[in-house]
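Notes for the structure review
In case you want the letters, here they are:
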Amino acid sequence: MLALESVTYRYAGATRPSLRDVSVAFGDGEVVGVTGRSEAGKTTLCLVACGIAPRTVGGTLTGRVLLDGEDTAPLPMHALVGRVGMGFSRPATQLSGVAGTVYEEVAFGPMNLGLPRAEVIERTESAIAALRIEPLAARDPRRLSGGQQQLVSMAGLLALRPAHLVLDEPTAQLDPAGTRLVGAALGRLAERGASIAVTEQKTDLLAAIATRIVVVDEARVVLEGPAADVLADPALEGFGVAAPAPIRLERAAAAADLPAGAIARLREAAAK
Ligand SMILES: Nc1ncnc2c1ncn2[C@@H]1O[C@H](COP(=O)(O)OP(=O)(O)OP(=O)(O)O)[C@@H](O)[C@H]1O
Ligand SMILES: [Mg+2]
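Quick caveat: nothing in here was measured; it's all calculated off a predicted structure. (Residues numbered from 1 in each chain as written. Chains lettered and ligands numbered in written order. Predicted model: local features only at pLDDT ≥ 70, side-chain atom pairs only at ≥ 80, totals over all residues. Heavy atoms only, no water.)

**A few points about the overall build of the protein**
When its secondary structure is counted, the protein shows 12 helices and 10 strands. Its C-alpha atoms give the protein a radius of gyration of 19 Å, within 12% of the compact-globule value 19 Å for 272 residues. Principal-axis analysis of the C-alpha atoms places the extent of the protein at approximately 60 × 45 × 30 Å. The 272 residues of the protein split such that 47% are buried. The contacts in the protein between residues at least 6 apart in sequence include a share of 63% that link residues at least 24 apart. For the protein, the accessible surface area stands at approximately 12900 Å², while carbon and sulfur atoms represent 55% of it. Of note, the protein has its 27 positive side-chain charges centred 4 Å away from the centre of its 30 negative side-chain charges. (Helix = DSSP H or I, 4+ residues; strand = E, 2+ residues; numbered from the N terminus. Rg over C-alpha atoms; globule rule 2.2 N^0.38 Å. Buried < 20%, exposed > 50% of the residue type's maximum accessible area, 1.4 Å probe, protein only. Contact = heavy atoms within 4.5 Å. Areas by Shrake-Rupley, 256 points an atom, 1.4 Å probe, with all protein chains shown as cover. Lys, Arg positive; Asp, Glu negative; His and termini not counted. Charge placed at Lys NZ, Arg CZ, Asp CG, Glu CD.)

Listed below in structure tokens is the structure:
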């Protein structure tokens, strides 16, 4: 479990904190969606959860960040990197910059863990297969589209098989098919016991993959609960987050005074 306990965090030079008294836990086997309007504090929450803030970006933090119950404050960045996988939305910055091919890029992490060669190969090939990027394996990762790079950097993270994973808008540059592949891969990783925190404004994706959802607004956690409850909460839109399409459709049908049978048929059609 990766947890923030009463965390208040302020960037260096900022007049106001970007996280205020935030307590959230990302449990083992859980995919927790973190959502909220622009500027709410989602990326900041990711930076704090994986230890980059304040270690690398500076600033001041009060409260505690706990990794499997252990206070991370005394741990240096290199100790955290091996335990918490992190993925950010600009995939180009996420690539190693040293790999000549996509295959080497994905293998880079497991190789650095010092794993036996057979295991490096197995992890690399299964991550590549999970995201269906076999056709890119021999390509130069620097010469890919943003969406392709996003899939490659995600494959690199999957190959690490991290116990904890923090992802900031991992599907920002992906089309619906790529988004579904990433969603399915995260689900499988969570089934193996990983804790996964993923920030996302696409609530249709969250409806498909998240077990729990945390809504952040103005640096605070303002809603939290089982995904289905939070996504159907009428307060959600007030925090700048659109409900998933089936819920919006149902509301529109109800507002238009359609008969109950028609609403049920619309719901079935939307689910397909
Ligand atoms: N390096 C920084 N220094 C000072 N303030 C910052 C810094 N980075 C972010 N902030 C501020 O912290 C607040 C939260 O920003 P954050 O990037 O966490 O929002 P977000 O929810 O990820 O937004 P978005 O949906 O646009 O990605 C904003 O007010 C932002 O201006
Ligand atoms: Mg952000």
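**Section: a nonpolar patch on the surface**
Residues Leu 249, Leu 258 and Leu 266 make up a contiguous nonpolar surface patch of roughly 200 Å² in combined accessible area. In this fold, Leu 249 is placed in helix H11 (residues 245–255). Taking the relative accessible area as the measure of exposure, Leu 249 reaches 33% and is therefore partly exposed. (Patch = residues over 30% accessible without salt bridge, like charges linked within 9 Å, V, L, I, M, F, W, Y side chains within 5 Å. Salt bridge = Lys/Arg side-chain N within 4 Å of Asp/Glu carboxyl O.)

**Some thoughts on the site of ligand 1**
Around ligand 1 sit Tyr 11, Ser 18, Arg 37, Ser 38, Glu 39, Ala 40, Gly 41, Lys 42, Thr 43, Thr 44, Glu 169 and Gln 201, and those are all the residues in its vicinity. Measuring from an oxygen atom of ligand 1, one finds a backbone N or O atom of Glu 39 at 2.7 Å. Within the contact set of ligand 1, an oxygen atom lies 2.9 Å away from a backbone nitrogen or oxygen of Gly 41. When isolated, ligand 1 has an accessible area of 640 Å², and the protein chains bury 63% of it. One can see that ligand 1 is located within the second largest pocket. Of the residues that constitute the shell around ligand 1, the class distribution is 2 nonpolar, 6 polar and 4 charged. (Near = heavy atom within 4 Å. Polar contact = N/O pair within 3.5 Å; in protein donor to acceptor, adjacent residues only side chain to side chain. 1 Å grid on protein atoms, 1.4 Å probe; cavity = no way out; pocket = protein on both sides within 12 Å on 5 of 7 lines; lining within 4 Å. Sits in = over half its atoms within 2 Å of the grid points. Nonpolar A, V, L, I, M, F, W, Y, C, P; charged D, E, K, R; others polar.)

**Comments concerning the sheet that holds strand S6 (residues 84–87)**
If you walk across this open sheet you meet the 6 strands as S6-S7-S8-S3-S9-S10, and the pairing is mixed. With partners counted over all chains shown, the strands left at the sheet margins are S6 and strand S10 (220–226), one partner each. Averaged over all adjacent pairs, the angle separating strand axes in this sheet is 15 degrees, with direction ignored. Here 4 bridges tie S6 to strand S7 (residues 164–168), and the two strands are oriented parallel to one another. By the bridge assignment for S7, Met 86 is matched with Val 166. (Pairing = 2+ DSSP bridges. Axes fitted to C-alpha atoms, helices over the stretch in contact; angles between N-to-C directions.)

**As for the packing of helix H5 (residues 102–112) against helix H6 (residues 117–130)**
As a packed pair, H5 and H6 sit with axes 9 Å apart at the nearest point and diverge in direction by 130 degrees. Relative to H6, the element H5 lies oblique. In the crossing of H5 with H6, the sense of the turn from one axis to the other is right-handed. Contacts from Tyr 103, Val 106, Ala 107, Pro 110 and Met 111 of H5 reach H6 at Val 120, Ile 121, Arg 123, Thr 124, Glu 125, Ala 127 and Ile 128. (Parallel < 35°, antiparallel > 145°, perpendicular 65-115°, else oblique. Left-handed = near helix turned anticlockwise from the far one by under 90°.)

**Considerations on the packing of aromatic side chains**
The full count for this structure, using the stated rule, is 1 aromatic pair. Between Tyr 9 and Tyr 11, the ring centres sit 5.1 Å apart and the planes meet at 80 degrees, which makes this aromatic pair edge-to-face. Exposure remark for Tyr 11: the relative accessible area of 25% places this residue in the partly exposed category. (Phe/Tyr/Trp six-rings, centres within 6.5 Å; stacked < 30°, edge-to-face > 60°.)

**Things to note about helix H7 (residues 146–160)**
Relative to the 21 Å expected for 15 residues at 1.5 Å per residue, H7 spans 22 Å between its end C-alpha atoms, a close match to the ideal helical length. With 12 of its 15 residues buried, H7 lies for the most part within the structure. (Expected span 1.5 Å × (residues − 1).)

**Describing the sheet that holds strand S1 (residues 2–10)**
The antiparallel open sheet is built from 4 strands, whose spatial order is S2-S1-S4-S5. A strand with exactly one partner marks an edge of an open sheet, and here the two such strands are strand S2 (19–26) and strand S5 (70–71). In the packing of helix H1 (residues 42–49) onto the sheet, contacts are made with S1, S2 and strand S4 (60–67), and the angle to S1 comes to roughly 120 degrees.

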